[in-house]
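# Results of the structural survey
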Amino acid sequence: MSKFIFVTGGVVSGLGKGITAASLGRLLKCRGLKVTSQKLDPYMNVDPGTMSPFQHGEVFVTDDGAETDLDLGHYERFIDENLTKYSNMTSGRVYWNVLNKERQGEYLGQTVQIIPHVTNEIKDFVMKNAEVSNADVSIVEVGGTIGDIESQPFLEAIRQLALEVGRRNCLFIHVCLVPYISGSDEYKSKPTQHSVKELMAVGIHPDIIVARCDKEIPTDIRKKISLFCNVGEDCVINNTTCRSLYEVPLMLHAQNMDDVVCRDLGLETGADYPMLADWSRMVETIHARQGEIQIALVGKYVKLHDSYLSIVESLNHASFVVGKNVKINWVDSDSVTDETAPEVFKDCAGIILPGGFGHRGVEGMVCSCRYARTHKLPYFGICLGMQIAVIEFARSILGYSDANSREFDELCEHPVIDLMKNQEGVIKGGTMRLGSYPCEVTPGTILEKAYGSTHIDERHRHRYEFNNDYRTQMQEAGLTISGTSPDGTLVEAVEVADQFHVGVQFHPEFKSRPNNAGPLFVEFLKACDK
Ligand code: GLN
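Conventions adopted
- Residues numbered from 1 in each chain as written.
- Predicted model: local features only at pLDDT ≥ 70, side-chain atom pairs only at ≥ 80, totals over all residues.
- Heavy atoms only, no water.
- Near = heavy atom within 4 Å.
- Areas by Shrake-Rupley, 256 points an atom, 1.4 Å probe, with all protein chains shown as cover.
- Helix = DSSP H or I, 4+ residues; strand = E, 2+ residues; numbered from the N terminus.
- Nonpolar A, V, L, I, M, F, W, Y, C, P; charged D, E, K, R; others polar.
- Pairing = 2+ DSSP bridges.
- Expected span 1.5 Å × (residues − 1).
- Buried < 20%, exposed > 50% of the residue type's maximum accessible area, 1.4 Å probe, protein only.
- Arc of directions from axis to C-beta.
- Contact = heavy atoms within 4.5 Å.
- Phe/Tyr/Trp six-rings, centres within 6.5 Å; stacked < 30°, edge-to-face > 60°.
- Lys NZ or Arg CZ within 6 Å of the ring centre and 35° of its normal.
- Salt bridge = Lys/Arg side-chain N within 4 Å of Asp/Glu carboxyl O.
- UniProt positions renumbered as here; feature names shortened; annotations may be inferred.
- Axes fitted to C-alpha atoms, helices over the stretch in contact; angles between N-to-C directions.

### Some points on the site of the ligand
In the vicinity of the ligand, the contacting residues are G355, G356, F357, C383, L384, Q387, E407, R461, H462, R463, Y464 and H507. In isolation the ligand exposes 300 Å². Once the protein is present, 99% of that is buried. Counting only elements with at least two residues in the shell around the ligand, the list comes to α15 (384-396) and β19 (455-462). Of the residues belonging to the shell around the ligand, the class tally is four nonpolar, five polar and three charged.

Shown next as structure tokens:
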């Protein structure tokens with residue numbers, strides 16, 4: 001049976017609970033344990049798929065096509081396990097399931113209540129993830145901050161679960177902010193004390209407190225937290241701001257956090273951890289990078305960098321391979337025209353154009369793509385970025401000045417990106433091509449060079465496709481189709497000869513890992529570094 005680690009957050013949001021949970025997962029994996037993780041999100045959306053990136057940041061997609069919270073990306077990158085649709089549950093999904101069961105008469109006429117029906121639904125979901133993943137340890141993060149009305153059913157559910165599986169089989173970790181007041185040079189433990197009090201009011205006593213602070217908090221403050229919050233001194237762990245996210249597991253390990261967790265959960269593991277040495281070496285590589293490559297990231301959600309989290313991380317992973325730092329120039333696509341492009345991109349070694357939805361900003365993206373192609377500046381288009389490359393090619397090379405995607409211009413004469421015949425009439429949430437699909441790679445292309453294979457699998461999240469009515473024309477005019485679905489019907493990737501001008505319909509950023517960088521990101525960065 002799996003053991004459970006529940007991670008909650010206190011004082012404020014945005015403390016890096018997800019990074020803490022993911023880092024602990026990495027440490028436990030390094031000790032030879034099979035680890036899975038899960039995020040419980042208290043908001044009412046059924047999933048984050050229809051939420052604006054400005055609200056929620058990126059939507060992370062799993063192999064099996066679930067649209068999930070961006071923290072799952074951290075879990076996958078740190079723990080290096082592919083998660084599933086059982087890894088993320090929102091309040092909306094819980095109520096959706098409960099109400100469907102009620103309509104189908106599954107509750108046999110009972111009054112349907114938060115306790116037990118809603119809490120049972122949550123508990124079943126937590127147990128299900130542990131079961132399907134066959135994990136020794138399930139790390140379950142509860143989104144939001146203690147005290148939020150929304151998270152109460154989740155906290156009640158994990159309290160009940162602890163009772164059911166027994167205290168020896170579960171552990172509560174509470175991540176809190178310890179503010180530093182520079183005027184008086186003081187670290188304050190009171191917010192943590194209040195937050196723990198709030199947690200205890202719902203029947204949860206934390207076993208470990210992770211104290212988040214920009215700097216290391218002094219021992220006397222840690223002792224104070226230990227005393228007032230009733231946890232062992234070795235159970236108050238510093239979580240300071242590191243130079244790289246990937247250093248966090250090492251910081252936690254240096255404070256014996258994984259020892260404490262294994263001790264408290266009664267987990268016996270081997271004595272040496274070669275995987276941890278590998279991770280340390282990777283962190284050394286990260287710190288050893290020298291020089292800088294400037295990349296323009298052109299998009300419409302650039303005001304919130306989290307909207308492109310996996311892209312940014314993938315560029316970082318590639319930079320560990322190339323040995324140089326990546327500096328991202330965030331470019332709002334609305335600001336790019338043929339006239340402004342030379343100024344906007346003057347310091348950039350390459351342009352990356354990630355996914356997106358809706359027509360705002362599209363014309364600026366086309367101008368960015370045209371500037372890249374005509375100036376032989378490396379261009380890497382992902383999902384919408386590939387569609388833009390196709391639109392730009394059709395406009396500039398085929399001369400179809402109105403070429404567009406049906407998404408942006410329903411009536412255009414040349415919809416080079418369109419819905420497939422069997423998709424017509426489909427416009428709402430939950431109707432996209434989602435999750436992992438195979439792609440056959442054309443030999444001799446950049447795609448093949450990057451992956452070193454003619455068969456790849458990558459994750460998708462889109463609705464529109466390359467319009468095959470234009471395929472022959474485009475190919476004759478010099479566009480290479482570098483990848484298709486195995487039956488050849490869907491175009492998965494395009495390239496322009498003699499330069500790095502690559503568009504892919506899939507999202508390679510979802511499978512890139514710090515110790516196994518996405519091959520196209522590496523190839524792109526190498527092209528930028530020339
Ligand atoms: N909006 C485009 C589509 O639905 C691209 C989606 C994306 O970039 N993720 O096909």
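### Focus on the pairing of strand β18 (residues 433-441)
By the bridge criterion, eight bridges tie β18 to β19 in an arrangement that is antiparallel. In the sheet register, P438 faces β19, and the bridge partner there is D457. Relative to strand β21 (residues 479-484), β18 runs antiparallel, the two sharing two bridges. Along β21, the bridge assignment pairs E440 with T484.

### Some thoughts on helix α11 (residues 274-288)
The end-to-end C-alpha separation of α11 is 21 Å, in line with the 21 Å expected for 15 residues at 1.5 Å each. Every buried residue of α11 is listed here: L276, W279, M282, V283 and I286. Buried residues in α11, looked at end-on, bunch into an arc of 115°, giving them a common side. In α11, the exposed positions angled more than 90 degrees off the buried face are occupied by P274, E284 and A288. The inward-facing, buried residues of α11 contact α1 (17-30), α3 (71-79), α9 (248-254) and α12 (309-322).

### Side note on the packing of aromatic side chains
The geometry of an aromatic ring pair is captured by the separation of the ring centres together with the interplanar angle, meaning the angle of the planes. Under the defined criterion, the tally for this structure stands at 18 aromatic pairs. Put simply, the rings of F54, Y301, Y308 and W330 touch in pairs and so form one group of aromatic residues. Directly above the ring of Y437 sits R433, whose terminal nitrogen or CZ lies 4.8 Å from the centroid.

### Considering the pattern of salt bridges
Opposite charge on two side chains permits them to pair, given that their charged atoms come into close proximity. Counted by the stated rule, this structure contains 35 salt bridges. For E67, the salt bridge is made with R461, and the minimal N-O distance between the two is 2.7 Å. Note that E67 is positioned in strand β4 (residues 67-68) and R461 in strand β19, a separation of 394 residues in sequence. In this structure, E67 and R461 share a single accessibility class: buried. A salt bridge links R513 to E76; the nearest nitrogen and oxygen atoms lie 2.9 Å apart. Pair noted here: R513 is in the loop between β23 (501-504) and α18 (519-528) and E76 is in helix α3, with a separation of 437 residues, a long-range link. Owing to a relative accessible area of 5%, R513 belongs among the buried residues under this scheme. Where salt bridges share partners, they join D63, E76, D80, R459 and R513 into one cluster.

### Some remarks on the UniProt feature "active site" (unreviewed entry) in the protein chain
According to UniProt, the positions carrying the feature "active site" (unreviewed entry) are C383, H507 and E509. These residues run over 127 residues, yet every pair of their C-alpha atoms falls within 10.8 Å of each other. By the secondary structure assignment, H507 is in the loop between β23 and α18. Given a relative accessible area of 7%, H507 falls into the buried group. Beyond its immediate chain neighbours, meaning those up to four positions away, H507 contacts G355, I382, C383, E458, R459, H460 and R461.

### Considerations on the pairing of β23
Alternating residues of β23 divide into H501 and G503 and V502 and V504, and every residue in both groups is buried. Two strands pair when backbone bridges link them, and strand β22 (residues 491-496) and β23 are joined in this way by three bridges, in the antiparallel orientation. Counterpart to A493 in the pairing with β23 is V504. Where β22 folds back onto β23 in an antiparallel hairpin, the turn is made up of four residues, including D498, whose phi is positive at roughly 65°.

### Quick look at the environment of V140
Its location among the elements puts V140 in strand β6 (residues 137-142). Classification of V140 as buried rests on a relative accessible area of 0%. C-alpha of V140 to C-alpha of M127: the two residues are 13 residues apart in sequence and 11 Å apart in space. With residues up to four places along the chain from it excluded, the contact list for V140 reads F4, I5, F6, V7, Q38, L40 and V126.

### Thoughts on the sheet that holds strand β20 (residues 465-466)
Pairing in this open sheet of three strands is mixed, and the strands run β16-β17-β20 from one edge to the other. With partners counted over all chains shown, the strands left at the sheet margins are β16 (404-405) and β20, one partner each. In terms of strand pairing, β16 meets strand β17 (residues 415-418) through two bridges, oriented parallel. Residue pairing in the sheet places S405 in a bridge with I417 of β17. Against the sheet, α15 contacts β16, β17 and β20, and its axis sits at roughly 165° relative to β17.

### Examining the UniProt feature "binding site: CTP" (unreviewed entry) in the protein chain
When the UniProt feature table is mapped onto this chain, "binding site: CTP" (unreviewed entry) is found at S13, D148, I149, E150, K188, S189, K190, P191, T192, Q193 and K224. On the basis of their most widely separated C-alpha atoms, the annotated residues across 212 residues do not gather in one place, lying as much as 30.4 Å apart. Looking at E150, the relative accessible area reads 47%, which means it is partly exposed. Setting aside chain neighbours within four positions, we find E150 in contact with P42 and S91. Within the secondary structure, T192 is located in helix α7 (residues 190-201). Residues in contact with T192, not counting those within four places in the same chain, are V11, C176, L177, V178, I209, I225 and C229.

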